[in-house]
Amino acid sequence: MVDVVSSSELFRLYGRVSPGGVQSNIRFWVPNPIYFSRALGSRVWSIDGVEYVDLITGYGSVILGHGDPLVKKTVEEALEAGLTTGLESELAYKVVDLIHGMVPSAEMVRLSVTGTEAVMHALMIARAATGRLRIVKAEGCYHGWYDQVYVSLHPPLDKAGPRDEPNVVPISRGIHDALVSSVIVVPFNDADALRRVLTKHKNEIAAFIIEPICFNSGVILPRGDYLREVREITESNNVLLIFDEVITGFRIAPGGAQEYYGVKPDLSIFGKAMANGFPISAVAGREDLMRLTEPGGLVSYAGTYNGNYISVAAAYATLTQLRSGDVQGYLNSLTNELTRGLSRLFRDYDVEARVYGIGGQFQVYFTNADVVDYRTATTTDAALYSRFREALMNNHYLMHQDPLFHHGLTKAHTGEEVRRIIEITEEFLRKIKTSGK
Ligand SMILES: Cc1ncc(COP(=O)(O)O)c(C=O)c1O
């Protein structure tokens, strides 16, 4: 399939005609990105001929494993039928109806293509419904690259301001100042900070948007009653609550984090695991809000590829497999085995580390602080993480360079593959203990 034989060579060619030689900057690795030639089950093969156990898994989009047979077959059948006709299909209805049945707050659902677009739609609905323009987001959470939310993901600490009242730090140049100043940033897991902001600005704020589990800074779980308090504070201040379930959706439970934690947002956003790697997303929520997007309603809703036949076929084949909760149960048991095994090793070898995981996603932070928000996540020892990653990469486990990234297992990963991660970690710890470094 490929004419060049190494990732470094392809990078040299690709980087001449496309900035960075990647189509999403997160795929840019030093010294060069790894380019893949094939992916199947839990494995990916690089064009360098190396076979890896994939722990990146499409940034959380692949939940059943690469090339899941049912998804593949359903998509192949759909290809036979047609693609983007400009008309709606029964399959799109079936997908929407599945989401409506699975997700507690999904009174109505609309489809789009990427998580970013679904976020744009949700924010437009929220602003139209409330007549307010400002939004609040949590530091360390990511909601795609739409200007109004493209702030304060991993801000440099010298620009981030005080922990309790973080500065709004744009991720990119080119974001309109008016949009940057329309956002207020709060720390994750801090209900009091949210209460303060909403009490002070409630008549200006349309919505609070949050990842119910902050996977975009690794794995940061909501503490205690945080999400319940968030629901109570938003409701009492008449501010909409938007759960960005692009990663948690269908993964943490069939009904996402909202089912798992028993908290109902006003609007939610889904993507990623919804179609096992095919591009599709959804906005779901309260009927009165969703009906604003009806043809002729207050809020427009558009997209050439919304509900395209291939993506809805993939979503249908994926969601029918995620409906019973068996896949999520399997992923949780794998994740527990991994996080328990790693935590025990770090304790035994006296290495300060925190290991978190849920629903197949996990991350290790080399720190002695409980990771509860972006600021505590940054206490991870990046150099030690890099050596840990190197040990796994050398043993053909594909891991991300960024210590604040989340890693993922799929239904195709085996207990044996997970136990091997624990063995490799033990070899790594033994080595650093004997070398004294
Ligand atoms: C929680 C969350 N929301 C939104 C997005 C944006 O989705 P997309 O990359 O499909 O635009 C992402 C992507 O990583 C995400 O993790």
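Thresholds, definitions, all that
Residues numbered from 1 in each chain as written. Predicted model: local features only at pLDDT ≥ 70, side-chain atom pairs only at ≥ 80, totals over all residues. Heavy atoms only, no water. Near = heavy atom within 4 Å. Polar contact = N/O pair within 3.5 Å; in protein donor to acceptor, adjacent residues only side chain to side chain. Areas by Shrake-Rupley, 256 points an atom, 1.4 Å probe, with all protein chains shown as cover. Nonpolar A, V, L, I, M, F, W, Y, C, P; charged D, E, K, R; others polar. Buried < 20%, exposed > 50% of the residue type's maximum accessible area, 1.4 Å probe, protein only. Helix = DSSP H or I, 4+ residues; strand = E, 2+ residues; numbered from the N terminus. Right-handed = clockwise from strand over helix to strand, strands pointing away. Pairing = 2+ DSSP bridges. Domains from an automatic or database assignment. Contact = heavy atoms within 4.5 Å. Buried area = accessible area lost by both parts, 1.4 Å probe. Salt bridge = Lys/Arg side-chain N within 4 Å of Asp/Glu carboxyl O. Axes fitted to C-alpha atoms, helices over the stretch in contact; angles between N-to-C directions. Parallel < 35°, antiparallel > 145°, perpendicular 65-115°, else oblique. Expected span 1.5 Å × (residues − 1).

A.B. asks: Can you help me understand the site of the ligand in this one?
C.D. replies: Close to the ligand lie Thr114, Gly115, Thr116, Tyr142, His143, Gly144, Glu211, Asn216, Asp244, Val246, Ile247 and Lys272. Taking Asp244, its side chain carries an N or O atom lying 2.6 Å from a nitrogen atom of the ligand. Relative to its unbound accessible surface of 390 Å², the ligand loses 83% to contact with the protein. Its residues assigned to classes, the shell around the ligand comprises three nonpolar, six polar and three charged.

A.B. asks: Whenever I open this one, the pairing of strand β8 (residues 240–244) confuses me. Can you help?
C.D. replies: A regular strand carries its side chains on alternate faces of the sheet. Judged by how many residues are buried, β8 sits mostly within the fold: five of five residues are covered. Burial along β8 is two-sided: the face carrying Leu240, Ile242 and Asp244 and the face carrying Leu241 and Phe243 are both buried. Taking the sense of rotation as the criterion, the β-α-β connection linking strand β7 (residues 205–210), helix α8 (residues 226–236) and β8 turns out right-handed. Pairing of β8 with strand β9 (residues 267–270) involves three bridges; the strand directions are parallel. Along β9, the bridge assignment pairs Ile242 with Leu267. Regarding the hand of the β-α-β motif, the stretch spanning β8, helix α9 (residues 256–261) and β9 is right-handed.

A.B. asks: Just to check I follow, could you spell out the domain arrangement of the protein for this structure?
C.D. replies: Many structure descriptions define interface size as the accessible area lost when the parts assemble. Segmenting the protein into domains produces domain 1 (34–67 + 325–435) and domain 2 (69–322). Inter-centroid distance (C-alpha atoms) of domain 1 to domain 2 is 26 Å. Each partner contributes residues to the interface: domain 1 has 35 residues there, and domain 2 has 40 residues. Across the interface of domain 1 and domain 2, roughly 2,900 Å² is buried in total on both sides, 57% from carbon and sulfur atoms. When residues of domain 1 are sorted by the area they lose upon contact with domain 2, Ile358, Tyr374 and Arg375 head the list and together hold 25% of the total. The partner of Asp373 in a salt bridge is Arg163, and the shortest N-O contact between them spans 3.1 Å. Here domain 1 and domain 2 share 20 residue pairs in polar contact (both at pLDDT 80 or more) between them. Among the secondary structure elements, those contributing two or more residues to the side of domain 1 that touches domain 2 are α2 (57–60), α12 (326–348), β11 (354–358), β12 (361–365) and α13 (374–377). A per-class count over the side of domain 1 that touches domain 2 returns 17 nonpolar, 14 polar and four charged.

A.B. asks: When you look at the packing of helix α7 (residues 191–201) against α8 in this model, what are you seeing that I'm missing?
C.D. replies: Each pair of packed helices can be summarised by the angle the axes make with each other and by the distance between the axes. Viewed as axis vectors pointing N to C, α7 and α8 meet at an angle of 10°, and their least axial separation amounts to 10 Å. Put simply, α7 runs roughly parallel to α8. Contact with α7, carried on its side by Ala191, Leu194, Arg195 and Leu198, involves Tyr226, Glu229, Val230, Glu232, Ile233 and Thr234 of α8 and no other residues of that element. Class assignment of the residues belonging to the contact of α7 with α8 gives a composition of six nonpolar, one polar and three charged.

A.B. asks: Please clarify how the side chain of His406 should be interpreted in this entry.
C.D. replies: Position of His406 among the secondary structure elements: in the loop between β13 (397–398) and β14 (407–408). A polar atom in the side chain of His406 sits 2.5 Å from the side chain of Gln361. Residue contacts for His406: discarding those within four places in its chain leaves Tyr59, Gly60, Phe215, Asn216, Gly218, Ile247, Gln361 and Phe362.

A.B. asks: How should I be thinking about helix α11 (residues 309–322) in this particular structure?
C.D. replies: Because an α-helix packs 3.6 residues into every turn, residues spaced three or four apart end up facing the same way. Counted at 1.5 Å a residue, the expected span for α11 with its 14 residues is 20 Å, and the 20 Å between its end C-alpha atoms agrees. Burial analysis of α11 places 11 of its 14 residues in the buried class, which makes it a mostly covered element. Within α11 the residues assigned to the buried category are Ile310, Ser311, Val312, Ala313, Ala314, Ala315, Ala317, Thr318, Leu319, Gln321 and Leu322. Buried residues along α11 sit in contact with α3 (69–81), α4 (90–102), β4 (108–112) and α12.

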